[in-house]
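Next come the chains, spelled out residue by residue.
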Amino acid sequence: GVGTVASEERSALIGAPMRLLEPAMPPEPIDFSDATQQLLTSLGRFQRELTNALDESQRGFWAEECMNQLIDSVEVALSHGWSDMVEALTDTGRILQSYEIAGQPDGCVDFLNDAYELLCLMVGDLIVDEIRPAVMKQWRERYQRATVRLERDGLALAADDGNSSSSARAAGFEAAA
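Every chain begins its residue count from 1, and numbering advances along the sequence as written. Reporting in this predicted model follows two pLDDT cut-offs: at least 70 for local features of residues, and 80 or more for side-chain atom pairs to be given and counted; totals over whole chains, interfaces and linings ignore these cut-offs and use all residues. Think of the side-chain values as coming from all heavy atoms in the structure, minus any hydrogens and water.

What follows is about the environment of aspartate 114. Structurally, aspartate 114 is set in helix 6 (residues 109-128). With a relative accessible area of 30%, aspartate 114 lands in the partly exposed category. Residues aspartate 114 and tyrosine 143, 29 residues apart in the sequence, show an inter-C-alpha distance of 9.7 Å. Each helix is a run of H or I in the DSSP string that is no shorter than four residues. Each strand is a run of E no shorter than two, and both are numbered from the N terminus. Per-residue accessibility, obtained with a 1.4 Å probe over protein chains only, is compared with the maximum for each type, and a residue is labelled buried under 20%, exposed over 50%, and partly exposed between these values.

Here we take up the nonpolar core. As used in this record, nonpolar core signifies buried Ala, Val, Leu, Ile, Met, Phe, Trp, Tyr and Cys residues forming a set joined through side-chain atoms within 4.5 Å. Core analysis: the largest hydrophobic core is formed by 42 residues, its most contacted members being Trp62, Met85, Ile95, Leu96, Leu119, Met122 and Trp139. Those elements that provide at least two residues to this core are helix 3 (32-54), helix 4 (62-79), helix 5 (83-101), helix 6 and helix 7 (133-152).

A word on the pattern of salt bridges. A side-chain nitrogen of Lys or Arg and a carboxyl oxygen of Asp or Glu constitute a salt bridge if their distance falls within 4 Å. Scanning the entire structure with this criterion turns up six salt bridges. A salt bridge links arginine 142 to aspartate 114, with the shortest nitrogen-to-oxygen separation between them at 2.6 Å. Note that arginine 142 is positioned in helix 7 and aspartate 114 in helix 6, a separation of 28 residues in sequence. The partner of lysine 137 in a salt bridge is glutamate 141, with the nearest N and O atoms 2.7 Å apart. Of this pair, lysine 137 and glutamate 141 both sit in helix 7, four residues apart, which is roughly one turn of that helix.

Summarising the element assignment, aspartate 125 is placed in helix 6. At 2.9 Å, the side chain of aspartate 125 and the side chain of arginine 132 are in polar contact. The criterion used for residue contact is that any of the two residues' heavy atoms lie within 4.5 Å. Aspartate 125 has contacts with Glu130, Ile131, Arg132 and Val135, leaving out every residue within four places of it along the chain. Under this definition, polar contacts are N or O atom pairs within 3.5 Å; protein pairs additionally need one hydrogen-donor-capable and one acceptor-capable atom, and for neighbouring residues in sequence, both atoms have to be side-chain atoms.

Whether two aromatic rings pair depends on their centres lying within 6.5 Å, for rings of Phe, Tyr and Trp, where Trp uses its six-membered ring; planes under 30 degrees apart make the pair stacked, over 60 edge-to-face, and the rest tilted. Tallied over the entire structure, the rule returns two aromatic pairs. With 5.9 Å between their ring centres and 50° between their planes, phenylalanine 111 and tryptophan 139 make a pair best called tilted. Placement of the pair is phenylalanine 111 in helix 6 and tryptophan 139 in helix 7, with a sequence separation of 28 residues. Exposure class is identical for phenylalanine 111 and tryptophan 139. Each is buried. Residues tryptophan 139 and tyrosine 143 carry aromatic rings whose centres are separated by 6.2 Å and whose planes lie at 20° to one another, so their mutual orientation is stacked. Pair noted here: tryptophan 139 and tyrosine 143 are both in helix 7, with a separation of four residues, about one helical turn. Neither residue differs from the other here; tryptophan 139 and tyrosine 143 are each classed as buried. Among the aromatic residues, those joined into a cluster by ring pairs are Phe111, Trp139 and Tyr143.

Below you can see the structure in the form of structure tokens.
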């Protein structure tokens, strides 16, 4: 069904080498302020879908919609060479995908709420200059706690090749040159 196709596309995006993610024709460059606005818009939609996870009447496909917003955000961040943002977005997607594969997306809602707050901080940092090292440190610590919980829950980290300490590289993304 449609859910299977979307899940396969997400898996391909998370695990694909960078060269597979590059479009055949280069996209039109996005103005910096437009790019940060696109990130904020996608993150706002991400948060709205995440809120649906807590509302029994709105459950539906919240995890799939959250993933779609993360993918949209990764594309914007990649186009601007914002590697720290790509790392955080990719890590967030990997945690969500890991729980979704196990049929337990609700298991990562707390992490996703924390991720949303930190991702918005990162966009704010990008607007004024660049992502502060302290914010990235906070992100990496939060992601580490999420991976420990994932392991404790007996689940495998999506696209984890186990050979790299760089989460972005392990997810199949190469550092933008």
